[in-house]
Amino acid sequence: MSTIRHILSLSGGKDSAALAIYMRDRVHEMEYIFHDTDKELPETLDYLARLEAILGKPIVKTSTVDSFDHWLTVYGGMLPSNHRRWCTKMLKLKPFETFVGSDPVVNYVALRADEDRTGYISAKENVETVYPFQDDGIVRADVIRILEESGLGLPPYMAWGRTRSGCFFCFYQQKIEWVRLKEVHPDLFEEAKRYEEQSVLHGEEFFWNARESLAELEQPERVNQIKANWEAAQARKRAQRKNLPLVETLGGLVVDDEPHERDGCLICSI
Ligand code: SF4
């Protein structure tokens, strides 16, 4: 009889980090893993290094033997999108299933009690998926408190406006996040732009952002327009938040889950 393994996949985001801290003293034999796509933000890797110190255990990186670029070639140069998520399957789910093998496994997923979404979760018969936050009624405010009390805090990329972890070119980003990416990591923005430009060579014009290319988005007038739209949306949200509990703010900064964040998946980016 194989021993049951307990595995928690970290995404680099706040919820899975909080779950890792939450479970630290509850399941001592927990294995923490991270599926590195090789296209992560540097802030994500720094955050995981700090989390590792708090957990007192290594976070195993299931490094991609076959990189994003390898799979891009396999898929005929067809970049991934929300309608063709080969990136999640090949760079997140497959490494997870390889790591697990045929061992009986309890898979801990950071789905909160205040959210309702589904995602790419292994359907292997030897994997039982559990949702401790849902079972214990843990909501977003609790997650923030767990992170604050541990000293880890929120992922550092949130300070410059990025709402999610995952690949720097993830197609779930808002336009304002692309603008911020260009400001904070111009080299990564250029790399994302190059992927768009190369897509034409494979017979398909592809934009990460649906109908607008990054070359169009980065034009100064367009950047100003995106920023103005975002500021106006934030002002409307602030007006609706007059009674926000203190626990839902950090030093006056409102911690927001943008609506699009819910479009992501459980293994990938939240
Ligand atoms: S973060 Fe986005 S681009 Fe990267 S694997 Fe996940 S869905 Fe795909």
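An account of the accompanying structure is given in this report. (Residues numbered from 1 in each chain as written. Predicted model: local features only at pLDDT ≥ 70, side-chain atom pairs only at ≥ 80, totals over all residues. Heavy atoms only, no water.)

For the protein chain, the count of helices and strands is 10 helices and 7 strands. Taking all 270 residues of the protein chain together, 54% fall into the buried category. Taking the contacts inside the protein chain whose residues are at least 6 apart along the sequence as the reference set, 69% of them involve residues at least 24 apart. Split by element, the accessible area of the protein chain, about 12,800 Å² in all, is 52% carbon and sulfur. (Helix = DSSP H or I, 4+ residues; strand = E, 2+ residues; numbered from the N terminus. Buried < 20%, exposed > 50% of the residue type's maximum accessible area, 1.4 Å probe, protein only. Contact = heavy atoms within 4.5 Å. Areas by Shrake-Rupley, 256 points an atom, 1.4 Å probe, with all protein chains shown as cover.)

Another point: the packing of aromatic side chains. Two numbers describe a pair of aromatic rings. These are the distance of the centres and the angle of the planes. Scanning the entire structure with this criterion turns up 12 aromatic pairs. Seen in terms of ring centroids, phenylalanine 168 and phenylalanine 169 are 4.9 Å apart; in terms of plane orientation they differ by 65°. Their pairing is edge-to-face. Each member of the pair, phenylalanine 168 as well as phenylalanine 169, is classed as buried. Among the aromatic side chains, those forming a connected cluster through ring pairs are Phe68, Tyr75, Trp86, Phe168, Phe169, Tyr195, Phe206 and Trp208. Arginine 180 extends its terminal NZ or CZ atom over the ring of tryptophan 230, reaching a point 5.1 Å from the ring centre. (Phe/Tyr/Trp six-rings, centres within 6.5 Å; stacked < 30°, edge-to-face > 60°. Lys NZ or Arg CZ within 6 Å of the ring centre and 35° of its normal.)

Contact geometry for helix H1 (residues 14–24) and helix H6 (residues 140–150): axes closest at 9 Å, N-to-C directions at 65°. The hand of the H1/H6 crossing is left-handed. In contact with Lys14, Asp15, Ala17, Ala18, Ile21 and Tyr22 of H1, H6 contributes Val143, Ile146, Leu147 and Ser150. For the contact of H1 with H6, a count of residues per class yields 7 nonpolar, 1 polar and 2 charged. (Axes fitted to C-alpha atoms, helices over the stretch in contact; angles between N-to-C directions. Left-handed = near helix turned anticlockwise from the far one by under 90°. Nonpolar A, V, L, I, M, F, W, Y, C, P; charged D, E, K, R; others polar.)

The subject of this paragraph is the side chain of aspartate 142. Along the chain, aspartate 142 turns up in helix H6. Overall, the relative accessible area of 14% leaves aspartate 142 in the buried class. Among the polar contacts listed, one links the side chain of aspartate 142 to the backbone nitrogen of valine 139, at a separation of 2.9 Å. (Polar contact = N/O pair within 3.5 Å; in protein donor to acceptor, adjacent residues only side chain to side chain.)

As paired elements, strand E1 (residues 5–10) and strand E2 (residues 31–34) share 4 bridges and run parallel to each other. Residue pairing across strands places leucine 10 opposite phenylalanine 34, the latter belonging to E2. Traced from E1 through H1 to E2, the parallel crossover comes out right-handed. Examined bridge by bridge, E2 and strand E3 (residues 59–61) share 3 bridges and lie parallel to one another. Counted as the bridge partner of isoleucine 33 is valine 60 from E3. Each parallel crossover has a hand, and for E2 linked through helix H2 (residues 42–55) to E3 it is right-handed. (Pairing = 2+ DSSP bridges. Right-handed = clockwise from strand over helix to strand, strands pointing away.)

Another point: the sheet that holds strand E5 (residues 127–130). With respect to topology, 5 strands assemble into an open sheet ordered E3-E2-E1-E4-E5, the strand pairing being parallel. Where the open sheet ends on each side, the last strands, each with one partner, are E3 and E5. For this sheet, the mean angle separating the axes of adjacent strands, direction not counted, is 35°. One ladder, built from 4 bridges, connects strand E4 (residues 105–108) with E5; its direction is parallel. Within E5, the position partnered with asparagine 107 by the bridge is threonine 129.

Looking now at the pairing of E4. Neither face of E4 is open: one carries Val105 and Asn107, the other Val106 and Tyr108, and all of them are buried. Bridging between E1 and E4 involves 4 bridges; their strand directions are parallel. Its bridge partner being in E4, histidine 6 is matched across the sheet by valine 106.

Turning next to the side chain of serine 199. Inspection of the secondary structure assignment puts serine 199 in helix H8 (residues 186–199). Not counting chain neighbours up to four residues away, the residues in contact with serine 199 comprise Leu79, Glu204, Glu205 and Phe206.

A word on the environment of glutamate 115. With respect to the helices and strands, the residue glutamate 115 is situated in the loop between E4 and E5. Separated by 2.8 Å, the side chain of glutamate 115 and the backbone nitrogen of arginine 112 make a polar contact.

The next subject is helix H7 (residues 175–184). Every buried residue of H7 is accounted for by Ile176, Glu177, Trp178, Val179, Arg180 and Leu181. Turning to H7, the residues buried within the fold contact H8, helix H9 (214–217) and helix H10 (220–240).

The subject of this paragraph is the nonpolar core. If you look at the biggest cluster of nonpolar residues, it comprises 61 residues, and the most contacted ones within it are Leu51 and Trp208. At 7 residues, the largest contribution of residues to this core is made by H1. Ignoring any residue separated from it by four or fewer positions in sequence, one finds leucine 51 in contact with Leu10, Ala17, Ala20, Ile21, Ile59 and Leu152. Within the second largest apolar cluster, 6 residues are counted, among which are Ile7, Ile33, Phe96 and Val105. (Core = buried A, V, L, I, M, F, W, Y, C linked by side-chain atoms within 4.5 Å.)

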